[in-house]
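A look at the structure
Now for the letters of each chain:
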Amino acid sequence: MGQPDGRLFGRDAQLDAWSTARTATDAERGACLAFVGPAGVGKTALLDAGRARIPGAVVLRAVGDRVNVDLPGYALWQLLGRTAQATSPGEAPFDGPAARFHESLLGGPPEADPAVLRYAVAWVLRSLAASGPLLVVVDDVQWCDPVSSTVLAGIPALLADDPVVLAFASREPSADLEPAMLTLLESGSVLRSDVAPLNRPDIAAWVRSTGLPATRETVDLVAAASGGLPFAAAECLRELAAGRAVERRGADSDVASRLVAERVRALDPGVREVLAAIVCMGDGVEEEHLLVVTKMSPVQLETTYAVLRGARLLGVAHPPAPAHPIVSDVVRDVLGTAEVAGLHARIAAAYAADGLPVAARAAHLLRTEPGSSSDVATVLLAAAVDAAAAGSAELARRLCRRALAEDGLPTDLAAQLHDVAAQASVLTGDLDAAVEHWSVHTPSDPTVRARRLVDLGTVHYQAGRLVEAEAMYGRALDLLPDGDAERSAVLARIAGLGFHQGRTAVARDVQVAAVLARDPRDDEPADALLLCQEAYRMVIAGEDSRTAGDLALRATQDVEAIDYEQGDGAGYVMGLAALVDSERDSEALALLDRSVSQALARGSVLNRANNLYHRGYLHFERGRLRRARTDLETCVDAAAYGWRAYVNPARCVLGSAYVAMGETAAAEKLASRIDDDPTTPPLLQATDAHLRGVVDAAAGRHEEALASFVRAMELSEGYRSPGYQAWHRAAILAATEVGRLDLARHVADEILDDARRFGAPRSLGLTLVAASAPQPFEDAVRMLREALVLLGRTEAKAYQADALARLATLLAAHAEGDPERLDEATDLARRGRAIAERIGAARIVDAVRPLTVDAPTDVDESAPQRSRIDRLSPAELSVCELAAGGLTNREVAARLFLSIKTVEWHLSSSYAKLRIRSRKELAGQLFADAPSAATAGS
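Every value quoted in this text rests on a predicted model; they were computed, and no experiment measured them.

Another point: the overall build of the protein. Check the secondary structure of the protein and you find 49 helices and five strands. The principal-axis extent of the C-alpha atoms belonging to the protein is close to 115 × 70 × 50 Å. Counting the 938 residues in the protein, one finds 54% classified as buried. Sequence separation of 24 or more characterises 67% of the internal contacts of the protein that already satisfy a separation of 6 or more.

Let's shift gears to the nonpolar core. Counting residues in hydrophobic clusters, the biggest one holds 194 residues, and the most contacted among them are Leu 80, Phe 101, Leu 125, Phe 168, Met 181, Tyr 613 and Trp 643. At 10 residues, helix H42 (residues 797–813) tops the list of elements feeding residues into this core. When near neighbours in sequence (up to four residues on either side) are disregarded, Trp 643 contacts Leu 606, Ala 609, Asn 610, Tyr 613, Cys 635, Val 636, Ala 638 and Ala 650. Counting 63 residues, the second-largest nonpolar core is a separate cluster that includes Leu 46, Leu 135, Ala 277 and Leu 301.

All told, the structure shown has seven aromatic pairs when counted by the stated rule. An angle of 45° between the planes, with centres 5.0 Å apart, marks the rings of Tyr 719 and Tyr 724 as tilted. Accessibility expressed as a relative area gives 27% for Tyr 719, which makes it partly exposed. The class for Tyr 724 is buried, based on a relative accessible area of 16%.

This next bit is on the pattern of salt bridges. Where charged atoms of side chains with opposite charge meet at close range, the side chains can pair. Inspection of the entire model under this criterion finds 52 salt bridges. In this structure, Arg 61 and Asp 48 form a salt bridge, with 3.2 Å as the shortest nitrogen-oxygen distance. One end of the pair, Arg 61, is in strand E2 (residues 58–63); the other, Asp 48, is in helix H3 (residues 43–53), with 13 residues separating them in the sequence. Residue classification places Asp 48 among the partly exposed residues on the basis of a relative accessible area of 44%.

Here we take up the sheet that holds strand E1 (residues 31–36). One open sheet accounts for five strands, arranged E2-E3-E4-E1-E5; its pairing is parallel. The sheet is open, and its two edges are formed by E2 and strand E5 (191–194), each paired on a single side. The average undirected angle you get between the axes of adjacent strands in this sheet is 15°.

The linkage connecting Ala 92 with the following residue, Pro 93, adopts the cis geometry, with an omega of 5°. Within the element layout of this structure, Pro 93 appears in the loop between helix H4 (74–85) and helix H5 (99–105). Cis geometry is adopted by the peptide bond preceding Pro 319, which originates at His 318 and carries an omega value of 5°. Within the secondary structure, Pro 319 is located in the loop between helix H16 (298–310) and helix H17 (325–335). For Arg 915, which is not glycine, the phi torsion reads 60° and is therefore positive. Summarising the element assignment, Arg 915 is placed in the loop between helix H48 (900–914) and helix H49 (933–936).

Here the focus is the packing of helix H15 (residues 287–294) against H16. The N-to-C vectors of H15 and H16 enclose an angle of 95°; their axes lie 10 Å apart at closest approach. Put simply, H15 runs roughly perpendicular to H16. Listed contacts from H16 to Glu 287, Leu 290, Leu 291 and Thr 294 of H15 are Pro 298, Leu 301, Glu 302 and Tyr 305. Of the residues in the contact of H15 with H16, the class split is five nonpolar, one polar and two charged.

Because an α-helix completes one turn every 3.6 residues, residues spaced three or four positions apart along the sequence face the same direction. Listing the buried residues of helix H10 (residues 200–209) in full gives Asp 202, Ile 203, Ala 204, Trp 206 and Val 207. If you check the start of H10, you find a side-chain oxygen 2.9 Å away from the backbone N of Asp 202, and it comes from Asn 199. Positive backbone phi, at 90°, marks Gly 211, one or two positions downstream of H10.

All right, on to the confidence of the model for the protein then. Caution applies to low-pLDDT parts of the model: their predicted coordinates are not meant to be read in detail. Residue-level pLDDT values for the protein average 86, and 92% of them are 70 or greater. Predicted confidence is poor over residues 1–6, with pLDDT under 50, and the contacts of this stretch with residues over four places away or in other chains come to 16 contacts. Note on residues 856–866: pLDDT under 50 across the span, and 15 contacts to partners over four residues away in sequence or across chains.

Before going further, it helps to spend a moment on the pairing of strand E4 (residues 164–170). Along E4, seven of the seven residues are buried, which leaves the element largely enclosed by surrounding structure. Neither face of E4 is left uncovered, since the one carrying Val 164, Leu 166, Phe 168 and Ser 170 and the one carrying Val 165, Ala 167 and Ala 169 both have all their residues buried. Relative to E4, E1 runs parallel, the two sharing six bridges. Bridging across to E4, Cys 32 finds its partner in Leu 166. Bridge count between strand E3 (residues 134–139) and E4: five bridges; the pairing is parallel. In the sheet register, Val 136 faces E4, and the bridge partner there is Leu 166.

Basis of the calculations
Residues numbered from 1 in each chain as written. Predicted model: local features only at pLDDT ≥ 70, side-chain atom pairs only at ≥ 80, totals over all residues. Heavy atoms only, no water. Helix = DSSP H or I, 4+ residues; strand = E, 2+ residues; numbered from the N terminus. Buried < 20%, exposed > 50% of the residue type's maximum accessible area, 1.4 Å probe, protein only. Contact = heavy atoms within 4.5 Å. Core = buried A, V, L, I, M, F, W, Y, C linked by side-chain atoms within 4.5 Å. Phe/Tyr/Trp six-rings, centres within 6.5 Å; stacked < 30°, edge-to-face > 60°. Salt bridge = Lys/Arg side-chain N within 4 Å of Asp/Glu carboxyl O. Pairing = 2+ DSSP bridges. Axes fitted to C-alpha atoms, helices over the stretch in contact; angles between N-to-C directions. Parallel < 35°, antiparallel > 145°, perpendicular 65-115°, else oblique. Nonpolar A, V, L, I, M, F, W, Y, C, P; charged D, E, K, R; others polar. Polar contact = N/O pair within 3.5 Å; in protein donor to acceptor, adjacent residues only side chain to side chain. pLDDT = per-residue confidence, 0-100.

The structure is reproduced here in structure tokens:
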């Protein structure tokens, strides 16, 4: 006997939330609802109300439970598993960035990166919503597995512009909720309804709807017996309608549990055992397993179902499930720990006999009492490895601890368990536990023992215990002979942490020499990694750009050796940085294009952003400002998906590009996003300070700019590479502007020595340009002429234009009575302006305009096609390039990590700006400097 419309008396505020969601979907926008309250208060009924209030919506549903909380990604499987089973590989909605997610749903390798998974899920949901509103309902989210809960918490922000409603139901926020979900439920972006027990007027209305007299005595009785909880109130009204007496149980939140407990205790033991087995199996009970666990016949089981349904403890749906989550809670309490553990053991055995995956068996073995079974420990070990791979490190630790509780385990098995537990402990930040696990067993194999010692050293190093770290590293190296490939691997790991001291530094030098003495064709993956790290160390120290570039080039010949596919390994970052800073531009760009393509194939928005940052930085250095802006804006936008790796330097370089292009307002907006978090690493704080300085300098606030640049210099102390001295160069210019010539010359002398020692032409040219600013006229001219020669050997177009403009301005200022000098100044200004106009460097154009007002440039400023193309935003340009290359809107969306609706909007806007009507006309409209279709979306 429920309320009309599903027990919804007194729920006007909650129904209003559904009306708001309906309004959002009608406007093709998304919404997120959350219903929070105690057990039995009617949250499930409120979720069910969504189907009626958003007509035509496709509904996806998941329910958390206490068993499947230990199956990583289980709630996502509940939502999308059946759709995945009905979809062929590569087909919508599991195409593009969701292809790997499709594989994992069908039993393939799990995706451990929550940001990748979050974007893939968003892509699938967005695709499903393309034909109409989509309702995603997650009940009892407090018991969702951590992987699913973390992913789902990030979905609302990604689908704000799609007709997708996400509705969550949770008991009051507690430690059971994943941090990301707790943050979501407590944020202002969710239509949250705290669902309270019914008051007396609501109960009276409900009583009247049943045909019972709504007397004060009856209403008081129902209120006292139910505590206002709809679950218990419905039971009371059933009893009253049947003419039976109702007991006053006390008006508190436990009244529903006490009511259910009375019924559970009244069951025959055999019937209660069936109910307990159903509870312990969790979602998706299979009757064949239930028959094995309960040892009943099918007829007996059906009879038992009828008894349980008559007692309103079992739902009417199939497969059998408890009538309410309260039933599950009560059954566990009534049976006690030992009996529940025994049932879980029998369920695990039934699953094993049926060949179910180890994760399903392990979820039950976790809840059993320890014994002396190596088989149990082996299953738990396999599940722990899978859990760690899926990003559930804490679950991996629990599985290992439970396995290690088994008596008499073989030494090798125990060692494997301790090893996995240690690795999982490192991932969760419990370094002391990692040390404890790794200290239990000493492997007999020297290579394995060396790896274990390096693991221990790494933990000590991360905890700041440098003496202990060096001791562990030294012991590891003692076990491995010089020249051994494993020795390279060990040294590479140590170097990758930034540990360069004591005997490990000497050993690294010896090992690098040994590798270089061999034929490059004999390089092992560990050798390549070591060479990447040595090249990176050299550029950081500002040592010999040619040698650093040669080492990086040799190391990067084998893509797989340094984990390029994922684009986030230490070898990748260090090898790439060495190529960029040593100015091996063509090799670095080829590597970046390949890595971006691999990130697209993998569906990784974060790895793509990592590589787009590096590529955007390289485009900026080469003066390709439009390309730089496109890549950098894309990766800065990826912060919405959780990208953090290079967001500070990306913001800094993008702001510098904006200033170069005359878009100071955009640069100021970027600078306003800096949050001044003191826990940010110093080098990243330096990039933030530099961005502030760039914006202040562009606005003529040179004192403030100088303070920011000096701050950046202090934060980056120890980095001698010219690649980390942009703020030093900027400080020289700012100090010169405010008349602090002694400071400007001191910094100039310091970094000019570093740049000459490093020997990279672009870096040295840049440094000479900056260093010229505070010098006397003749010295400044000499420096600028040298800079132009060096920059002329590179593709650094913006820097060439800047050097030409500075030399022109300097010569013009000293040209009184010297017409030849003035003519040279005018010619230099014209050349600088021509380059600047071609690449969009508006700031340089403005600087030299007074010197070129009557001088023609080689750019036709009146070309209407050029001016129309320049009106396209970077995002519009990226979409147009791919569309002109023949990709469909969906393919463009997948390539650029956009929604199809956004692609359509960009094309429509672009057509209007270009004065065309279809994508057939796009190719002829694109200007020469735009990225090719092969690279714009990559």
